[in-house]
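Letter by letter, the chains look like this.
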Amino acid sequence: MKSSILTFTASVLFSLAAADPGHGGHHPPTFQQRCARLAQTFHPDHKTQVLAAEFLPTGTNFTNPDNHPTCQSKPFTITLTDMCRLRLKVKTSHASAVELEAWMPLNWNKKRYLVLGNGGLGGCIAYPDMGFTAWLGFATIAHNNGHLGDTGEHFLNNPNVVEDYAYRAIKTATKAGKKAVRHFYNTSIKKSYFMGCSSGGRQGLKAAQDFPEEFDGIVAGAPANDINNLWSISGHYYKLNGNPGDASYLSEEQWTAMRNEILRQCDGLDGVVDGVIEEPRTCKPRFEALMCGAGKTWTSHQCLTATQVDTVRKLYEPYYGTDGKLLYPEFDPGSEVTDDVYGGVPPSATEWWKYAIFNDANWDFHSQFSLQMAMDMKALDPYGISAWKPLTKLKQKGRKLLTYHGLQDGVINSGNSYRYYEYVSRTMGLTSSELDSFYRYFPIPGGSHCHSGAGNWYVGATSQVGRVLNAKDIPAEGGVLMSMVKWVEEGVAPERITGRNMNAKTGVQSSIKEHCKWPKKNKYLGGNPNAKESWGCTDP
Ligand SMILES: *[C@@H]1O[C@H](CO)[C@@H](O)[C@H](O)[C@H]1NC(C)=O
Ligand SMILES: *[C@@H]1O[C@H](CO)[C@@H](O)[C@H](O)[C@H]1NC(C)=O
């Protein structure tokens, strides 16, 4: 099914407005006609094939016709502006290709170009985000990361697809998208941006490290860099928890009770009891507080056994390798209620190991994973997928990076973003005020993984706008993307990022907060905790 068109009004109005007011019948082609003709006019090279070119008027119900069933984004996107949709396929090797889409709005007077990232195993195009950023006026590119669907099956027997996933798909799509946008508008691009979260955050860091010349500004949320260790910590968690019925195992209800106990002990540390631990790193709870006394059980008293408390305690310890060196930072207190903790090994980790690392569809994570394997994979680091290097090139090229990370992220522990920031600081020998000229990090207290959360999680980012009702009614200024634009185009660097607590279903905003730039921290000053004036920043 192709996208269906709800309203024709906009397109009719547009054709009338854009028609040449009459020079003897030779009308230059309209936006709509130039769009439809892209299949004939756009032939950049033998590697590139046009799969679709169509005009999408405002109000089109776009039903993601080409996304794979494993893609979990919203099943449809209502377009907010008149635009041209182009879908391309670009070969990346003899046995692989990336498919990308360009959503090019009619109103493109700022000439901004934006590439969006992917999540998870990554073969899904972020349509809801595209609809939003095209409405904001960006010629927006998103791509399938070199394979169709949020699955690792395509890695099996095809290292080319692994290489695409590591860096090549985004690099290829970025370059191809630029050619398409220049061709369609017949003019140059003024500024180029990237925005992604999770796997998309990792893509952003990869670009910042290895090909920063492609972007003037990069926004990377909850970056999944050091991804080898991220995918092995899943095995570590699984080994700690065990299976339902094991003495070590905690159910979702039991984790919820533990989360409530942690909040009881730590929520007030920041001066406000609001369900948000402003700085989870300072929370050192006594988990034994939830341990059963004599004759008590979970059923009778909602308490835990000593063995279960031991499971919990270990989860909050950093994850170390066989050499005693850190593999990955610990879990954030307050982030407990997530599948990744009690739901077994996430499919993305299993599929990565199975298909990309062992090339064996029968390999079983639950029975075969070991710490030695984690060490080996870290050393292997296929195609530099870890994205763990200093930002020397980014600095040299004068480009900019903004990272953010929810501090209630149960999927990617926020410690990873602090750790990367401090690693860059040390390896480049730059203080935080020196890093400020090209790299700024904003922790987002009460933000879950990329979207949602008990705190002021909405920062106008990837995978957020498609989830809140009427995202276009929320000012984009002060959010991560438009703050980056202001930094790049006006030289006004962001000191704070506006976060909102949004009810995704009703669209109601309950509070607003200006999140501070690391190493400053949010500080409660007194007064109504839901008002932004009640919060300031600590000294660094
Ligand atoms: C868009 O189309 C899909 C699939 O036909 C449908 O389920 C959905 O309700 C439509 N959305 C709107 C807002 O009309
Ligand atoms: C593209 O722009 C150039 C320079 O402004 C102009 O000469 C040319 O006719 C344009 N091409 C098309 C196809 O509009």
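Structure's up top.
Let me begin by describing the structure that accompanies this report.

Scoring rules and cut-offs
- Residues numbered from 1 in each chain as written.
- Chains lettered and ligands numbered in written order.
- Predicted model: local features only at pLDDT ≥ 70, side-chain atom pairs only at ≥ 80, totals over all residues.
- Heavy atoms only, no water.
- Pairing = 2+ DSSP bridges.
- Helix = DSSP H or I, 4+ residues; strand = E, 2+ residues; numbered from the N terminus.
- Axes fitted to C-alpha atoms, helices over the stretch in contact; angles between N-to-C directions.
- Contact = heavy atoms within 4.5 Å.
- Near = heavy atom within 4 Å.
- Polar contact = N/O pair within 3.5 Å; in protein donor to acceptor, adjacent residues only side chain to side chain.
- Areas by Shrake-Rupley, 256 points an atom, 1.4 Å probe, with all protein chains shown as cover.
- Nonpolar A, V, L, I, M, F, W, Y, C, P; charged D, E, K, R; others polar.
- Buried < 20%, exposed > 50% of the residue type's maximum accessible area, 1.4 Å probe, protein only.
- Phe/Tyr/Trp six-rings, centres within 6.5 Å; stacked < 30°, edge-to-face > 60°.
- Lys NZ or Arg CZ within 6 Å of the ring centre and 35° of its normal.
- Arc of directions from axis to C-beta.
- 1 Å grid on protein atoms, 1.4 Å probe; cavity = no way out; pocket = protein on both sides within 12 Å on 5 of 7 lines; lining within 4 Å.
- Points joined across faces, edges and corners; volume = space filled by probe spheres on them.

1. Focus on the sheet that holds strand 9 (residues 217-221)
- Read across the open sheet, the nine strands follow the order 1-4-5-7-6-8-9-12-13; overall the sheet is mixed. The sheet is open, and its two borders are formed by strand 1 (48-56) and strand 13 (439-444), each paired with just one other strand. The sheet shows a mean angle of 15 degrees between the axes of neighbouring strands, taken without regard to direction.
- As paired strands, strand 1 and strand 4 (residues 83-93) are joined by eight bridges and run antiparallel to one another. The partner of V50 across the bridge, within strand 4, is L88.
- Along the sheet, helix 5 (residues 159-185) contacts strand 4, strand 5 (96-105), strand 6 (112-116), strand 7 (138-143) and strand 8 (191-197); its crossing angle with strand 5, the most-contacted strand, is approximately 35 degrees.

2. Let's talk about the site of ligand 1
- Taken together, N61, T63, F76 and I78 make up the full set of residues adjacent to ligand 1.
- Note that an oxygen atom of ligand 1 is positioned 2.4 Å from one of the side-chain N or O atoms of N61.
- Taken by itself ligand 1 offers 360 Å² of open surface, and the protein chains cover 41% of this.
- Tallied by class, the residues present in the shell around ligand 1 amount to two nonpolar, two polar and no charged.

3. With respect to the environment of G343
- Relative to the helices and strands, G343 resides in the loop between helix 11 (339-342) and helix 12 (347-357).
- Judged by relative accessible area, G343 falls into the partly exposed class, the value being 48%.
- For G343 and Y237, which are 106 residues apart along the polypeptide, the C-alpha to C-alpha distance reads 10.0 Å.

4. Thoughts on the packing of aromatic side chains
- If you walk through the whole model with that rule in mind, you get 35 aromatic pairs.
- An angle of 70 degrees between the planes, with centres 5.2 Å apart, marks the rings of W388 and Y420 as edge-to-face. Taken together, the residues W388 in the loop between helix 14 (371-380) and helix 15 (392-397) and Y420 in helix 16 (residues 415-428) connect sequence positions 32 residues apart.
- By relative accessible area, which is 2% here, Y420 ends up buried.
- Among the aromatic side chains, those forming a connected cluster through ring pairs are W388, Y418, Y420, Y421, Y423, Y439, Y441 and W518.
- The ring of F138 has R112 sitting right over it, with the charged end atom 5.9 Å from the ring centre.
- Positioned over the ring face of Y418 is R281, at 3.9 Å from the centre of the ring.

5. As for the side chain of R112
- Considering the arrangement of structural elements, one finds R112 in strand 6.
- If we ignore the near neighbours within four places in the chain, the residues touching R112 are G137, F138, A139, K191, Y193, M482, V485 and E489.

6. Some thoughts on helix 14
- By the burial criterion, the buried members of helix 14 are A374, M375 and M377. One side of helix 14 holds all its buried residues, which, seen down the axis, span an arc of 165 degrees. More than 90 degrees from the buried face of helix 14, the exposed residues found are A379 and L380.
- If you follow the buried residues of helix 14, they end up packed against helix 7 (227-241), strand 10 (319-320), strand 11 (326-328) and helix 12.
- Downstream of helix 14 by a residue or two, D381 has a phi angle that is positive, lying close to 40 degrees.

7. Topic: the layout of surface pockets
- Within this model, the second largest pocket holds a volume of roughly 350 Å³.
- As for the second largest pocket, its lining consists of 17 residues, of which K74, V465, V468, N470 and A471 are closest to the centre.
- Elements with a minimum of two residues in the lining of the second largest pocket: strand 3 (77-78) and helix 4 (127-135).
- Of all the elements, helix 4 adds the most residues to the lining of the second largest pocket, at three residues.
- The residue makeup of the lining of the second largest pocket, split by class, is ten nonpolar, four polar and three charged.

8. A look at empty space enclosed by the protein
- Taken as a whole, this structure holds four cavities of 30 Å³ or more when the rule is applied.
- In this structure, the largest cavity spans a volume of roughly 80 Å³.
- Lining the largest cavity are 16 residues, with Y404, G406, S448, C450 and Q464 sitting closest to its centre.
- At three residues, strand 12 (residues 400-406) tops the list of elements feeding residues into the lining of the largest cavity.
- Considering only residue class, the lining of the largest cavity consists of seven nonpolar, eight polar and one charged.

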